[in-house]
Each structure stands twice: as structure tokens, then as C-alpha cells.
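# Summary of structural features
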Amino acid sequence: MKITKKIVNKIEGEASLKIYGDKKVDFVEIEFWQYRGIENYLINRPIMDALVINPRICGICGHSHLFATVKAIENAVNAKISKKAKILRDITVGLEIVENHIKWFYITLFPTQIKDKKYIFKANKFATLISKAIALIAGQYPHNSYMIPGGVTCDPTNLEIIKLKDLLQKIYEKYQEEIIDLNMNSNDLRVFFENLPRDIGKSVNRFLVLGNNLFFKKNGDVSLVKEEKNTSLSKNVLYNNLFVEVGPLARNIENQNIKKIYDKYKDSIYTRIIARIYEGLLILKYLIKKVKEIDICEPSYIKPEIYDGTGISAIEAPRGSLVHEIKIKNEKIANYNIIVPTQFNLSSSQDKNNLSAAQTAMIGEKKEYLDTIFKCFDICAVCVSH
Amino acid sequence: MNEATIAKIKERLASLRKLPGIGEKSVAQVLEEHGFTRRDFLKWSAAMAVMLGLPTKFSPLIAEAAEVSDRLPVVWLHLAECTGCSESLIRNDSPTIDNIIFNFINLQYHDTIMAAAGWQAEENYEEALEKFAGRFVLCVEGGVPTKDGGEFLTIGPNAETGLEKLKRTAAKAAAVISVGTCSSFGGIQAAAPNPTGVKGVYQVINKPVINVPGCPPSAKNIVGTILYVILFGALPAVDNFNRPKFAYGLRIHDLCERRGHFDAGEFVEQFGDNGAENGFCLYKVGCKGPYTFNNCSRERFNQHTSWPVQAGHGCIGCSEPDFWDSMAPYEEPLANHKFASASVDATADKVGATILTVAGVAIVAHAALSAIKNPKE
């Protein structure tokens, strides 16, 4: 049997695929060859240092990692936060998801089918606008530490909230106009699928949502998540001993519009892609509603009492469920563990009866579609190599 | 800057202009298509001149340098990093002229934002190294793992280590720019216990390297440095850590909007208190602005919208070497810290040194007070 090795780049880093088979993929192994060791640096540091270090796990989803860190510490020390702080956190993490989806679609996925720089410009234009909205609350994007256990450090004025409302509305309108509208019409999506079948890349059909931020509802229990070693520098992640799919399709499968597509195409590449870009619009709609509920008179921060303990948090990040676990001893970090969404979707299993979502989607498909199918999971090699 | 310098720059730009560009369109045409007038472009050039610390009479030259920027290819290498620097870059300044200029730069290879992928990307890379040997600008993002021969980072179809790829590329580059703290000094990967033996680029290659640190650095500092290289064909004036002085000449503290409160002794004692609501100085909740050289307080981020201190969190000192270890803990004041940058930099502008002495005394005084009065209570 022919075995080929393929390097996939432009995924915020690189992965290598070991592909078995001639024209069609009989089997595939996914490998990541970077390692940075963030979990090691955290040990023995003061707990608050995790707030500064963890956003650097990923420059693309810094706020999600910050949010997961803060929630893990809050769970360990039983902290309370105000409604205002909760909404402000939702806005930054929500906007981060939106701008990630746009960049993924136009910068990562589009070039696998269409090579045209104008789409890269388009994504950058949106990213710039969205970052500005995030920076209004967080001070800077990417990488900021404005969330702390007990709330947030910022105290936005009425003027800033008005600016934020205005920006959100503007982004929402532009999104409908240029990317996808509420009825799921998208010119760019049509262009993308001009020469690509819509029903390829069907996967495991098991969906997991562990976080309950924004409007997402969790359907699983984080204690059933298990990590195991694989042949490369990343780790496999199983839920209840099975591989699952996390991400926008998992989160929005109950949405009526997405359900219709799912009924027709199942968990194929088309359903996965449309779920992701449509989710951006749903999040913006939700945030426009939430921003009106901000009461600037509420406190930004409620001081928690710090004592030793273990805290685990799961949130919904752009690519899916993100898990952080902290063990605190004498106000220092005794242990820290991070499980990222790409690990769930891109585990590399040797057991042919229990394969990961990305492996299942690629097996049996023509090799020429491999790049697009692989990337439709929105991979982040940076996160995996934490 | 005298007339001879200007004449030299003009000569250089004229020779660059003779080289072939990448497309049929000129920068001016591309800008016009995106709705920018010549006037917008000149305004941008003037702002860039100010940022680079050049007299305003240089602004037409900057405009000209931007126009020929596609003649100098740029190769962008990703090593051990989080892609935050690229993320910072692609959200360039308003009205996104920088963005267009950057995209117009002959970007032969950039893992995230290039249009090519797979074998095509690899081909572009090798071609750039061959065709533009001795002419291209190499931008490096990320630290270099060196332990066990650098095997913690392998890139490309031949499983080349990051270290090998960097050496091979740097040997052929005309100039090397380290973008971000990771490539400048090792960054987060190099924090204790540094399990993968990460080093800064300047520590592993035998070539002058210009460091543009920050986690992430502002887009202005990145584009500014690249433009400077195009403009002068040389590296800008640097401090003792090889950081361009135009961006890293002053401390965060010197131009901080909360500086008045520091001088008046008005501090945030803990997050969420009255001081925090009133925008007092964040020194006692861990701001490292007094020890950090960068222009964040002046240039801000995300189209000049804001910066960390404005959002109520102190500066973490991200443009300083080893800040992950030497500046921690981040939410506690660091009263008796040595000014790593200034004390060894004889040229870090005497003005800055004078300010330092005064501010240094003030910091020690405040620190003494906070020792009596626990800031957490």
C-alpha cells in the first residue's frame, strides 16, 4: 500500500499527515511536531501569574484561555462575580470567536480552493474592526489580562458602552451584508463550493459541548474527559472512552436553520463550515442584546477569599470546548493541565473501531479533498503545542 | 540629518525603483482602489516619520519608500510562538494603510497570511532564498528551541528543525528582524525551567539582529522597523538590547496617562476599589511601566483604541528580556527592581536617565510606604 506524508501548513503552525492508500485515503495518522511546555512553567508560580502566562498559549484565542484560567481559579476559590463582569467577559470571548471564524474561513480555508488575496483583505478588515471593539473593554487585542478572579479590571464609562454598541451593530450589519445573512445566504460560501462536493467529510456524528458561556448549553460532564499519549508531541482526548466532535456544529446543532442543513448533509464538510460562519452572526445578535443589559453602576470586581483547592473549568472557545484545571497549594500553582479543542477533533487513534473526528472525516475520501476536509475542523497547531 | 543623508536615501530609493515589482499595479494604484487619496497617504507618511523619530521633511521619502516596498522581498518565519505577533500585525493601524502596505510588501513567505499553501508555499520559500539571496528581509516570529538539537520544533516536509531552518535562511538574508519577545529574547518558552532550551534569534546566529520585542509588539513598531530598513538600507539606531530607539527609547511610565496620579501618590490599592474607579496609578497592583521601555502609552493598540493600563491592568513589562521570570509576580509591586535596560545603556538618552533617577526615588518612597501599609488590605 502506498504511504505518503503530507505537511499541512497555514493552520497557525504545521501538522503532518501520514496517509495510507492510493487515490483514496484508507487510513491516516495526524502528527504535531512542536512542543512548548506552558504547563511546566506554571508550576510553583503565584496563581495570578497564570492570568498573564496563559493567554500566551495562543495568540489567536488569548481571551478564551484567559477566561478558562480565571474560571478555573474562581471554581477553586469559590469566587463570585457581578452580572456586569460576566457580560463584559462574554463580549470579549464572543467577539474573539466571531473574528476567529472569519479569519479561519477566508485565510485558512479559502486558499485550499480559491487563491485570491482579496479574501485575505476582507478577513483583515473584519478582524481590525472586531479587535477595536474588544480593545475598548480589554485594552488590547491579542493578549490581555483584564479578567481576574472576581471580575474584570476595566470600568467602562457610558461613552465607551455607547461606542461598543455602535461597533457591534456595525459589525453585525456588515457580517450580514458581506459574509452570511440570517437566512443563510452567502455568496462566498457558494463560490467556495463551486467545485467541491458538499457531502464529503462525514465524521463520527457524536457532538460534545462542555462550556456554558454565551448562549451555549453544555451536554456533557468534564469528569468523563480523558487524555492519552499518541505517536507525536500532542495528546489524544476522549470523552467517555470515545472520540467526539467539538466546535460550532456541536454547539448549534439544535438551531433550526443548521438542523435543516444537517438533516440533508449530515455532519459533512458543508454542514460544519456553514455552522461555523453562521455561528458568528448568532453570537453578534446575542451580544447586541446582552450589551443593553450592562449596568455600569455594578462593581467590576468582587474580591475573592483565596485558599487552597482544585478548580476545573470548561468554556466554549472558537474551535470548541476548552478545559483548564488548576491545583492551588499555599497560593501557588501546584499543578496545571490544559486540554484544547483541536486535541478533541484531531486526535490520532490507532484503533480502527474508534477513530477521531478528523480521521473519520478523511478516511474513504479522495486525496485531492484532503487539505480542505482536514482544515474544515479549524485546527490550531499553536494550541496543541502548548 | 543632513542633506548628504537625504541624497543618499534618494539614491537608494532610485536604485530600488529600478528593480522589478511584484504586480502590475503600483502602491498608489492599490491605495486608490481601497479609497485612499494621495493626501491620506501623505498624512500617513508624516505620522510614520514622527513615529520613527525622523524630521517631518522625511515624510515624502517615507511615501516613496512605501511605494517601492514591493522590491524588497520579506520572508516571515514562524518558530516556537503563539502567532500573537502576526495577529497584532494583521490588525494594523487605521485607516489600514499599513495593512495594505504590508500586504503589498513582497511577502514571499508567511505561514498564516500568504495565499499559497502546501507545496506551493514551500516552493515560494526555496525560491525566495535562491532568487533573492542577500536581498530579502527576514522577519522571525518565535523563539528557537535548541535543546536536543532543536527537535522540539520541526518544520516542513524534510522535518528540518527550527534552528536549522533559521540558520539557513538568516545566512542569505540582507537584514534580520526579530518580531516579538519570543524571537528577541526567547519569550514565554524560555521562562524557567525552559524545558526546550529556547533562545533568542540573536543568540544563535552570527549576524546583527534588530529586536522588536513586545508580547505582542504593536503593529506600528513592526511596520516602522521594516520601513526603516527599506528607507535606509540599514538598521535603525538601537539601545543595548538592539531595540530601535524610535520605539523603545522611553519608558511606559514616562508617557503614561496615569502618571499624574503616580506623582501625586494616588494609587489603586486593590482591584475594584475607589482608586480603580478613578483611574489612579496601578503601580501597587503590579504595574511594571516604570521598568519597561516601549511606546505603548503613546501609540496604544488596535487603531489607537486602548492599551492594557487603560483597561485597569498594569503593564507586565513584556518588551524586557527575561520578564517572565524577573518581572513576576505580575499583580504585586516590584519596588527594588534593577532597571535592566537603562543602567547598562549609556546611550538610553540622558534625558530618560534623569527622569529615571527622580522616578526611581519616588518608587522607592512609595514602596517603603506600601511595606508599612500592606497594599492588599
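Residues numbered from 1 in each chain as written. Chains lettered and ligands numbered in written order. Predicted model: local features only at pLDDT ≥ 70, side-chain atom pairs only at ≥ 80, totals over all residues. Heavy atoms only, no water.

Residues and elements named next belong to chain B. Mapped onto the present numbering, the UniProt feature "binding site: [4Fe-4S] cluster 1" (unreviewed entry) falls on Cys82, Cys85, Cys182 and Cys215. In three dimensions, the annotated residues from a span of 134 residues occupy one location, with a maximal C-alpha spread of 9.8 Å. As for its position among the elements, Cys85 is in helix H5 (residues 84–90). Among the structural elements, Cys182 can be located in helix H9 (residues 181–185). The exposure class assigned to Cys182 is buried, which follows from its relative accessible area of 12%. (UniProt positions renumbered as here; feature names shortened; annotations may be inferred. Helix = DSSP H or I, 4+ residues; strand = E, 2+ residues; numbered from the N terminus. Buried < 20%, exposed > 50% of the residue type's maximum accessible area, 1.4 Å probe, protein only.)

Here we come to the packing of helix H4 (residues 83–109) of chain A against helix H6 (residues 158–178) of chain A. Residue and element names in this part refer to chain A. Axis separation between H4 and H6 bottoms out at 13 Å; the angle between their running directions is 25°. As far as their axial angle goes, H6 and H4 are roughly parallel. In this structure, H4 meets H6 at a crossing whose hand is left-handed. Taking contact as the criterion, the partners of Ile91, Leu95, Val98, Ile102 and Tyr106 in H4 are, on H6, Leu164, Leu168, Tyr175 and Glu178. Here the residues of the contact of H4 with H6 are counted per class, giving 8 nonpolar, no polar and 1 charged. (Axes fitted to C-alpha atoms, helices over the stretch in contact; angles between N-to-C directions. Parallel < 35°, antiparallel > 145°, perpendicular 65-115°, else oblique. Left-handed = near helix turned anticlockwise from the far one by under 90°. Contact = heavy atoms within 4.5 Å. Nonpolar A, V, L, I, M, F, W, Y, C, P; charged D, E, K, R; others polar.)

This next bit is on the interface of chain B and chain A. Each partner contributes to the interface: chain B provides 66 residues, whereas chain A provides 62 residues. Across the contact surface, chain B and chain A share 1 salt bridge. Notably, a salt bridge pairs Arg45(A) with Asp325(B), separated by 2.7 Å at the nearest N-O pair. Along the contact surface separating chain B from chain A lie 10 residue pairs in polar contact (both at pLDDT 80 or more). Those elements that provide at least two residues to the side of chain B that touches chain A are H5, helix H6 (97–104), helix H7 (119–131), strand S5 (154–155), helix H13 (274–277) and helix H15 (323–326) of chain B. Here the side of chain B that touches chain A takes 4 residues from H5(B), the largest share from any one element. In the side of chain B that touches chain A, the residues fall into 33 nonpolar, 24 polar and 9 charged. (Salt bridge = Lys/Arg side-chain N within 4 Å of Asp/Glu carboxyl O. Polar contact = N/O pair within 3.5 Å; in protein donor to acceptor, adjacent residues only side chain to side chain.)

Our focus in this paragraph is the packing of H4(A) against helix H5 (residues 117–138) of chain A. As a packed pair, H4(A) and H5(A) sit with axes 9 Å apart at the nearest point and diverge in direction by 170°. Compared by their axis directions, H4(A) and H5(A) come out roughly antiparallel.

Here we come to the side chain of Asn221(B). Along the polypeptide, Asn221(B) turns up in helix H10 (residues 219–232). Not counting residues up to four positions away in its chain, the partners in contact with Asn221(B) are Met51(B), Val212(B), Phe246(B), Ala247(B), Tyr248(B), Asn294(B) and Asn295(B).

Turning next to the environment of Glu331(A). Within the fold, Glu331(A) resides in the loop between strand S9 (320–329) and strand S10 (332–339). Exposure remark for Glu331(A): the relative accessible area of 40% places this residue in the partly exposed category.

What follows deals with the pairing of S9(A). Working note: regular strand, side chains alternate between the two faces of the sheet. Residues and elements named next belong to chain A. Within S9, 7 of the 10 residues are buried, which leaves the element mostly enclosed by the surrounding structure. One ladder, built from 9 bridges, connects strand S8 (residues 309–317) with S9; its direction is antiparallel. Looking across to S9, one finds that Glu316 is bridged to Ser321. In terms of strand pairing, S9 meets S10 through 7 bridges, oriented antiparallel. Looking at S10, one finds that Ile326 is bridged to Tyr336. Here S9 hands over to S10 after 2 residues, with Asn330 in that stretch at a positive phi of 50°. (Pairing = 2+ DSSP bridges.)

Below, the discussion takes up helix H9 (residues 256–265) of chain A. All names here are of chain A. Taken as a whole, H9 has its buried residues at Ile258, Ile261, Tyr262 and Tyr265. The arc enclosing the buried residues of H9, seen along the axis, measures out at 100°, which places them on a common side. Of the residues in H9, the exposed ones pointing more than 90 degrees away from the buried face are Gln256, Lys260 and Lys264. Considering only its buried residues, H9 is in contact with helix H8 (248–252) and helix H10 (269–291). You can read the cap of H9 off the contacts: a side-chain oxygen lies 2.9 Å from the backbone nitrogen of Asn257, and it is on Asn255. Remark: Lys266 follows H9 within two positions and exhibits a positive phi of approximately 55°. (Arc of directions from axis to C-beta.)

All names here are of chain A. UniProt marks Cys58, Cys61 and Cys380 with the feature "binding site: Ni(2+)" (unreviewed entry), using the numbering shown here. The largest pairwise C-alpha distance within this set of annotated residues, which runs over 323 residues, is 9.6 Å, so the set is compact in three dimensions. Following the sequence through the fold, Cys58 ends up in the loop between helix H2 (49–53) and helix H3 (62–77). Cys58 sits in the buried class, given a relative accessible area of 0%. Within the secondary structure, Cys380 sits in the loop between helix H13 (370–375) and helix H14 (381–384).

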